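So you can see what is in the structure, the chains are spelled out below.
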Amino acid sequence: MSDSFDTFRNLSVGGRTYRLAHLPSLSAHGMDVDRLPFSMRILLENLLRREDGETVPASDIEAVARWDPAAEPSTEIAFMPARVLLQDFTGVPAIVDLAAMRDAMVAMGGEAEKINPLQPAELVIDHSVQVDEYGTQAAFLINKEKEFERNRERYGFLKWGQRAFRNFKVVPPGTGIVHQVNLEYLGRVVMAGDETSSGDGAPWAYPDSLVGTDSHTTMINGLGVLGWGVGGIEAEAAMLGQPISMLVPQVVGFKLTGELSEGATATDLVLTVTQMLREYGVVGKFVEFYGPGLARLPVADRATIANMSPEYGATCGIFPIDRATLEYMKLTGRPAERIELVERYAREQGLFHTSDSPDAEYSGTLELDLGSVEPSLAGPKRPQDRIELSKVKQSFLDQVEQLKAPGGSRPKTTGGLKTLGKWEAEGGTAVLDVVEANPNGGRKISWRDREFSLRDGSVVIAAITSCTNTSNPSVMLGAGLLARNAVRRGLEVKPWVKTSLAPGSKVVTEYLEESGLLDDLEALNFHLVGYGCTTCIGNSGPLPPPISEAIREEGLVAASVLSGNRNFEGRISPDVRANYLASPPLVVAYALAGRIDVDLYSEPLGEDPDGNPVYLKEIWPSQEEIAEVVQRTVRSEMFTREYGEVYAGDEQWNAMPVPEGETYAWEEDSTYVRLPPFFVDLPREPEPVEDLAGLRVLALVGDSVTTDHISPAGAFAADSPAGRYLQERGVPPKEFNSYGSRRGNHEVMMRGTFANVRFRNKLAPGREGGYTTHQPSGEEMTIYDASMRYQKEGVSTLVIAGLEYGTGSSRDWAAKGPSLLGVRVVIAASYERIHRSNLIGMGVLPLEFLEGDDAASLGLTGREEYAVEGLADLMAGRFEKGVRVTVRARAEDGGETSFEALVRLDTPQEARYLKHGGILQYVLRQLL
């Protein structure tokens, strides 16, 4: 360990002495740290403490210390996060990979113990609970029971991992959402004590930092902790001691002034911020919030904004450490000695923000007066598409035709009436007696002794869910107060709305109960359904069959309203085409209204028992009322009590059998956890990279194709390739679970790649779902079947895409799946940061069209045969960012189109990963 700039110092706090890399000491070398953004100072400290002359040379430290805000990113640095955070959807395949690496290490003559996390890695099981039961007191217990039935094998595997790997802990199911648990409990703000040593006996104190296998890891930025989402494969490498290779970023400053006006919530604020930053363009950049408005934003509001960083496209959206940070740590039950250390350390390092702190220099700035924020929603299929509440009705009506199935045709009914039969429900028979055609294309349904009409715009899902909002007491208690006022006026939720309440932690339930507002939410059918991600990840569960059947038979554009952060096509429910993000109070409001095409300013939510209209403004709680309930009911002891035994688990968790051994005993007949093929017969040295020829296009897609399109997380159909695979192995459709829960089985995930029900491939025009046309035969088939046929023929494939390819979740299977399907290259107009990294991590080459080029302008149909030239020279020589290669596309008639494409390998380390066929292959060879 080197100290070229003489910054290592001691700091005494609470009778203990800590070692630190002292940032202000750099002033002796002419480096003005005070002008650096808060986030850049954290990167600088990370390099100072880890200087070794090789991975971290002194020149990298100087490059960050003398950072030029206007410079284009060009300097590569090696950032080493303090810890790694996982959730079970992305965590299971990560631990599967580590287990497979142990097998490969042993097979290649190494020791299994070499594959082991070298720093804290914490996994929170939160993505597997599904809303099967709702609207009853028993919903939580029923959903939890089904969760364990479906996921017992996955959970047993994770318990094995907790025993087999050092530095790996698992937070059992039923505790909370990973990012809320991270914010309320796991986040240290400053690392210290037994977590790390300086080598001379004194423990290091340094800023908490992390990477996580979920894109909303950025929520912790609200607490002043630098962290962001990465793919599972990159997180695995970080666990194994590999630094995160990154370019010194640009940092955009977002100045906040004023305060929120009456009626506006933190959710409305974040939707406004998301829209502004998407329009500004912050992909690959850091965003840092500053200005006098910070003083009026509690940590819960800051975390709401930081959570949505992936939606506005930034690597992170960070707030500085200040008095609000310390108050939040105290509220959430952090030890007094930790809080003292955080304040002393942050002040000593110039990392503590006060009203007197000078503004940093930024690469660009935006400004928002909080008082200008209006109540809003975002939708119907992108989180950045904010709509003012007053314009939601017209916005839906303007888009309803576009939201229908391709072709826009609606099934016709004959004779005016049509019988659809009966739905046998648990606890009785729910009868769908008669369905009749309505003039507006709706259906009239008689169900559970209620008669109602479903039509375009009917809200069939209203979910208070997602870490974005359930971590925020003001919006949660605001929803409860609105529910109380609605109940007092005699309003009811419409009978076709599937309601759910999925808090991000048990603390939320405590303060809802303490305030008495849980009773009011339950009176409107917002019963507790589970502690987990639920609807926002696609675990909304099935709609009642008669409602689902009516939607599909009539081709209705049904709507959902959720307090989440993601509303991409096909994500929330296969039956719902219009999905809107909203604050928890507005979720309740739309459940009362029962339709999205309503102007909540001028139209009533419903009528009271006397037939009088009730308007939203009449039942909306005031900020003063909300603040009073927050102050009275949210207490520190709730957090200390609920997190006191966070790793203990309940009887179901503790009763599960756990396999023994340093290597995992793979079961041949398992449909959840299987040995992946990534390291089978892996040579000790990588094969040379050669130019590619004879490639065929597997998919040709447009703009904004998300990782949900590429690798869906929710339910899958019985007649899909994945569904057929499971049925062939004796798994009936009712036990399919979700794609997300099957990510430990590569056979399921290969078959699920590009299988989103809303996926549109221009090689299968007029169809939705995972279809393509095999070339040169011209036969239409599933993408999986075409891939198998291509691989049998010895043909590699590529994907051609538009702008923002890979937007959304940090889903490693969106790269693993295409890789296993034989995709060698993706050519896109632009990429989201994490997905581009994931592709490289799986040995898939990301190329980018040059400015002004795309598939349409080049006349590409996807039916050509492709070659990529210049790769061999690129990989054999010295790495240069911005290198181009030549792509040749030969059409069926022999005509050829040739164009240049930019190689999106942005650092030398990324080039090394690609040369080795992927990041884990590289790490495995390094450990050998």
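What counts and what doesn't
- Residues numbered from 1 in each chain as written.
- Predicted model: local features only at pLDDT ≥ 70, side-chain atom pairs only at ≥ 80, totals over all residues.
- Heavy atoms only, no water.
- 1 Å grid on protein atoms, 1.4 Å probe; cavity = no way out; pocket = protein on both sides within 12 Å on 5 of 7 lines; lining within 4 Å.
- Points joined across faces, edges and corners; volume = space filled by probe spheres on them.
- Nonpolar A, V, L, I, M, F, W, Y, C, P; charged D, E, K, R; others polar.
- Buried < 20%, exposed > 50% of the residue type's maximum accessible area, 1.4 Å probe, protein only.
- Helix = DSSP H or I, 4+ residues; strand = E, 2+ residues; numbered from the N terminus.
- Right-handed = clockwise from strand over helix to strand, strands pointing away.
- Pairing = 2+ DSSP bridges.
- Salt bridge = Lys/Arg side-chain N within 4 Å of Asp/Glu carboxyl O.
- Axes fitted to C-alpha atoms, helices over the stretch in contact; angles between N-to-C directions.
- Parallel < 35°, antiparallel > 145°, perpendicular 65-115°, else oblique.
- Contact = heavy atoms within 4.5 Å.

Undergrad: I keep staring at empty space enclosed by the protein and nothing clicks. Help me out?
TA: Empty space among the atoms becomes visible once a probe the size of a water molecule is rolled across them. By the definition in use, this model includes 5 cavities of 30 Å³ or more. Looking at the lining of the largest cavity residue by residue, the classes come out as 5 nonpolar, 11 polar and 6 charged.

Undergrad: It is not clear to me how the pairing of strand 12 (residues 251-257) should be interpreted in this structure. Could you clarify?
TA: Note on strand geometry: in a regular strand, side chains alternate between the two faces of the sheet. Counting buried positions along strand 12 yields 6 of 7 residues, so the element is predominantly enclosed. Once the chain exits strand 12 it traverses helix 7 (residues 266-280) before rejoining the sheet at strand 13 (residues 286-290), and the crossover so formed is right-handed. Bridging between strand 12 and strand 15 (residues 364-369) involves 6 bridges; their strand directions are parallel. Looking across to strand 15, one finds that Phe254 is bridged to Leu366.

Undergrad: Help me out: how do you make sense of the pattern of salt bridges in this one?
TA: Pairing of side chains with opposite charge becomes possible as their charged atoms draw close. In the structure shown here, the tally under the stated rule is 59 salt bridges. The partner of Asp88 in a salt bridge is Arg154, and the shortest N-O contact between them spans 3.3 Å. Here Arg154 lies in helix 4 (residues 139-164) and Asp88 lies in helix 3 (residues 88-107), a separation of 66 residues in the sequence. Accessibility expressed as a relative area gives 0% for Asp88, which makes it buried. In this structure, the salt-bridge partner of Glu113 is Arg102, at a minimum N-O distance of 3.5 Å. In this pair, Glu113 sits in the loop between helix 3 and strand 5 (121-124) while Arg102 sits in helix 3, placing the two residues 11 residues apart along the sequence. We classify Glu113 as partly exposed; its relative accessible area is 31%. What makes Arg102 buried here is its relative accessible area of 0%. Each of the salt bridges in this network shares a partner with another, and the network as a whole consists of Lys381, Glu569, Arg577, Arg758, Arg760 and Glu768.

Undergrad: Sorry if this is basic, but what is going on with the packing of helix 14 (residues 473-488) against helix 18 (residues 584-593) here?
TA: In a pair of packed helices, the angle between the axes and the distance between the axes together describe the arrangement. At a closest axis distance of 7 Å, the pairing of helix 14 and helix 18 adopts a crossing angle of 30 degrees. Taken together, helix 14 and helix 18 sit at an angle that is classed as roughly parallel. Contacts between helix 14 and helix 18 pair Val475, Met476, Gly478, Ala479, Leu482, Ala483 and Ala486 from the former with Pro584, Pro585, Val588, Ala589 and Leu592 from the latter. In terms of residue class, the contact of helix 14 with helix 18 is made up of 11 nonpolar, 1 polar and no charged.

Undergrad: Teacher, can you tell me more about the sheet that holds strand 10 (residues 226-229) here?
TA: Adjacent strands of a sheet form backbone hydrogen bonds with each other and so pair up, either parallel or antiparallel. In spatial order, the strands read 6-5-4-9-10; together these 5 strands make up an open sheet with parallel pairing. Two strands bound the open sheet, and with one partner strand each, they are strand 6 (168-171) and strand 10. Strand-to-strand twist across the sheet, computed as the mean angle between neighbouring axes with direction ignored, equals 20 degrees. Strand direction decides the pairing type here: strand 4 (residues 83-87) and strand 5, joined by 4 bridges, are parallel. Within strand 5, the position partnered with Gln87 by the bridge is Val124. Sheet contacts for helix 3: strand 4, strand 5 and strand 6; angle to strand 4, the most-contacted strand, approximately 115 degrees.

Undergrad: Please clarify how unusual backbone geometry should be interpreted in this entry.
TA: Residues apart from glycine generally show negative phi values, whereas peptide bonds are mostly found in trans. Cis rather than trans, the peptide bond between Gly379 and Pro380 has omega equal to 10 degrees. Structurally, Pro380 can be placed in the loop between strand 16 (376-378) and strand 17 (386-388). Backbone geometry at Thr534 places phi at a positive 40 degrees, although glycine is not the residue there. Relative to the helices and strands, Thr534 is located in the loop between helix 16 (517-523) and helix 17 (545-554). Given a relative accessible area of 0%, Thr534 falls into the buried group.

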